[in-house]
Amino acid sequence: WVAYEFTKPELIKASSRSNNFKADPAISTLSATPEDYTRSGYDRGHLAPAADLSWSTESMNDSFYMSNMSPQAPSFNRGIWKNLEEKVCTWVEKFGTVYVVSGPILEKPASEYKSIGKNQVSVPEFYYKALLAKDEDGKLFAIGFILPNEKSSENIFTFAVPVDEVENRTGLDFFAALPDETENQLERSFSISDW
């Protein structure tokens, strides 16, 4: 999974997409390789989108480490997942700052998932985004999304959930640096009209 702060100045593109997919040498347990995806039927799906990191050449290049990739059905990656990624950019424009946490939901033992490639990369059945937005007045808003790794023509808000639900499914505690009362209030519910 990945987590990053996305701010309005970072919407200004300074680098073109590199498509330089590569193993991540910083992963001591070895990372997937581009070859794991060859003829697998799955896209190398970005967790932190290249477009969100195009504010510098270095960050754009770093977005193509395989540690930022996860197997996604092409119709999902190029469809509703892309729609959600683009929507995050509009929310950054609206709010000024959005904290993004994104990744696969892996709820079963690895042996129960389909895998691809020599490195047996598990193919997730669901992906999530947990978002915390802060407007220019400092007001906070939170929302989660859980999407099946498949084609969908639904509106992205069909898959909107409280951040608490994403935490329950992933076992992760997002936005834990917030005061507990604030975190609990933000994560238990959401309002689509805020977004």
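Conventions used here
- Residues numbered from 1 in each chain as written.
- Predicted model: local features only at pLDDT ≥ 70, side-chain atom pairs only at ≥ 80, totals over all residues.
- Heavy atoms only, no water.
- Helix = DSSP H or I, 4+ residues; strand = E, 2+ residues; numbered from the N terminus.
- Rg over C-alpha atoms; globule rule 2.2 N^0.38 Å.
- Buried < 20%, exposed > 50% of the residue type's maximum accessible area, 1.4 Å probe, protein only.
- Pairing = 2+ DSSP bridges.
- Contact = heavy atoms within 4.5 Å.
- Axes fitted to C-alpha atoms, helices over the stretch in contact; angles between N-to-C directions.
- Phe/Tyr/Trp six-rings, centres within 6.5 Å; stacked < 30°, edge-to-face > 60°.
- Expected span 1.5 Å × (residues − 1).

Participant: Kindly report on the overall build of the protein chain, identifying the contributing residues and their values.
Facilitator: Helices and strands together make up the secondary structure of the protein chain, namely 5 helices and 9 strands. Walking the protein chain from its N terminus toward its C terminus, one meets helices and strands in the order β-β-α-β-α-α-β-β-β-β-β-β-α-α. Taken over the C-alpha trace, the protein chain has a radius of gyration of 17 Å; the compact-globule value for 195 residues is 16 Å, and the two agree within 12%. If you line up the protein chain on its principal axes, its C-alpha atoms span 50 × 40 × 35 Å. Sorting the 195 residues of the protein chain into buried and exposed places 50% on the buried side.

Participant: Break down the sheet that holds strand 1 (residues 2–7) for me, citing the residues and quoting the values.
Facilitator: One open sheet holds the 5 strands; their spatial order is 1-4-7-8-9, and the pairing between them is antiparallel. At either margin of the open sheet sits one strand with a lone partner, and together these are strand 1 and strand 9 (160–161). Across the sheet, helix 3 (residues 80–95) touches strand 1, strand 4 (97–105), strand 7 (126–134) and strand 8 (140–148), and the angle it forms with strand 7 is around 5°.

Participant: Summarise the packing of aromatic side chains; cite the residues concerned and give the values.
Facilitator: Each aromatic ring pair is summarised here by two numbers: the centre-to-centre distance and the angle between the ring planes. Going through the model one piece at a time under the given rule, you end up with 13 aromatic pairs. A centroid spacing of 5.6 Å and a plane angle of 25° characterise the contact between phenylalanine 76 and tyrosine 127, whose relative ring orientation is stacked. Of the two residues, phenylalanine 76 sits in helix 2 (residues 74–77) while tyrosine 127 sits in strand 7, which places them 51 residues apart along the sequence. Note on accessibility: phenylalanine 76 and tyrosine 127 belong to one class, buried. A ring pair is formed by phenylalanine 95 and tryptophan 195, whose centres lie 5.1 Å apart and whose planes are at 65°; its orientation type is edge-to-face. Within this pair, whereas phenylalanine 95 is found in helix 3, its partner tryptophan 195 is found in the segment after helix 5 (180–188), the two being separated by 100 residues in sequence.

Participant: Can you explain the side chain of threonine 97? Please cite residues and give values.
Facilitator: For threonine 97, the position within the fold is in strand 4. Ignoring sequence-local partners within four residues, the contact set of threonine 97 consists of Glu5, Phe6, Thr7, Val92, Leu132, Ala133 and Lys134.

Participant: How would you explain the environment of phenylalanine 145 if you had to name every residue and give the values?
Facilitator: Positionally, phenylalanine 145 belongs in strand 8. Phenylalanine 145 sits in the buried class, given a relative accessible area of 0%. Remark: the alpha-carbon pair of phenylalanine 145 and lysine 82, spanning 63 residues in sequence, is separated by 13 Å. Apart from residues lying up to four places away in sequence, phenylalanine 145 is in contact with Leu84, Trp91, Tyr127, Tyr128, Lys129, Leu131, Ile156, Phe157, Phe159, Ala160, Val161 and Val166.

Participant: Explain helix 3 to me, using residue names and the numbers behind them.
Facilitator: The end-to-end C-alpha separation of helix 3 is 22 Å, in line with the 22 Å expected for 16 residues at 1.5 Å each. The complete set of buried residues in helix 3 reads Ile80, Trp81, Leu84, Glu85, Val88, Cys89, Trp91, Val92 and Phe95. Glycine 96 sits one or two residues past helix 3 and shows a positive phi near 105°.

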